[in-house]
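Chain and residue survey
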Amino acid sequence: MALPNAYGQYNNSKILTASPAELTLMLYEGAIKFCNIAISAVEHKDIEKAHENIRKTERIIDYFRQTLDMKYEVAEDFERVYAYLSQRLVEANVKKDKEILEEVNGHLRSMRDTWKEVMKKSKE
């Protein structure tokens, strides 16, 4: 039983020592993971699991929206994208629609990949 505890401690220290940019990347990764789980749950007709993971994805998107710094022009663009993703997630949850979830996941992957490029360029 020590192994799960060690894994939890590793994950906790990884979060505590991460930079803001790394935390943002982790949040994108988490949203993608939860969206993937929701897609699988919809495919398997596991309504409760789909709902739970769509809500987790929504909470991450909500966090991104709440933490936008609106003094930057680009924040308005992100707000529009996040608002769209939020609306689509609500729709996907109501309908348990796999195609909508796949669309959202595609946007999340694109945003994550762009964020990785930004991180890479800022290190150069």
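In case you missed it, the structure is sitting above this.
Residues numbered from 1 in each chain as written. Predicted model: local features only at pLDDT ≥ 70, side-chain atom pairs only at ≥ 80, totals over all residues. Heavy atoms only, no water.

**Focus: helix 2 (residues 20-43)**
Over its 24 residues, helix 2 extends 35 Å from the first C-alpha to the last, a length consistent with the 34 Å expected when each residue adds 1.5 Å. Taken as a whole, helix 2 has its buried residues at Thr24, Leu25, Tyr28, Gly30, Ala31, Ile32, Phe34, Cys35, Ala38, Ile39, Ala41 and Val42. Looking at the residues trailing helix 2, positive phi occurs at Lys45, about 60°. (Helix = DSSP H or I, 4+ residues; strand = E, 2+ residues; numbered from the N terminus. Expected span 1.5 Å × (residues − 1). Buried < 20%, exposed > 50% of the residue type's maximum accessible area, 1.4 Å probe, protein only.)

**Section: the packing of aromatic side chains**
Scanning all chains against the criterion turns up 3 aromatic pairs. Relative to Phe64, the ring of Tyr28 has its centre 4.6 Å away and its plane inclined at 35°; by these criteria the two rings are tilted. Placement of the pair is Tyr28 in helix 2 and Phe64 in helix 3 (residues 47-66), with a sequence separation of 36 residues. The same class applies to Tyr28 and to Phe64, which are both buried. Ring centres 5.9 Å apart and planes at 40° place the aromatic pair Phe78 and Tyr82 in the tilted group. (Phe/Tyr/Trp six-rings, centres within 6.5 Å; stacked < 30°, edge-to-face > 60°.)

**Digging into the nonpolar core**
Across soluble globular proteins, nonpolar side chains have a tendency to be buried as a group. The biggest cluster of nonpolar side chains holds 25 residues, and the ones touching the most others in it are Ile61, Tyr82, Leu85, Leu101, Val104 and Leu108. If you list the elements that add at least two residues to this core, you get helix 2, helix 3, helix 4 (73-95) and helix 5 (98-123). With 9 residues, helix 2 is the largest single contributor of residues to this core. Among residues more than four places away in sequence, those in contact with Tyr82 are Tyr28, Ile61, Phe64, Arg65, Leu68 and Met111. (Core = buried A, V, L, I, M, F, W, Y, C linked by side-chain atoms within 4.5 Å. Contact = heavy atoms within 4.5 Å.)

Take it as geometry only, folks, not as evidence of what the structure does.
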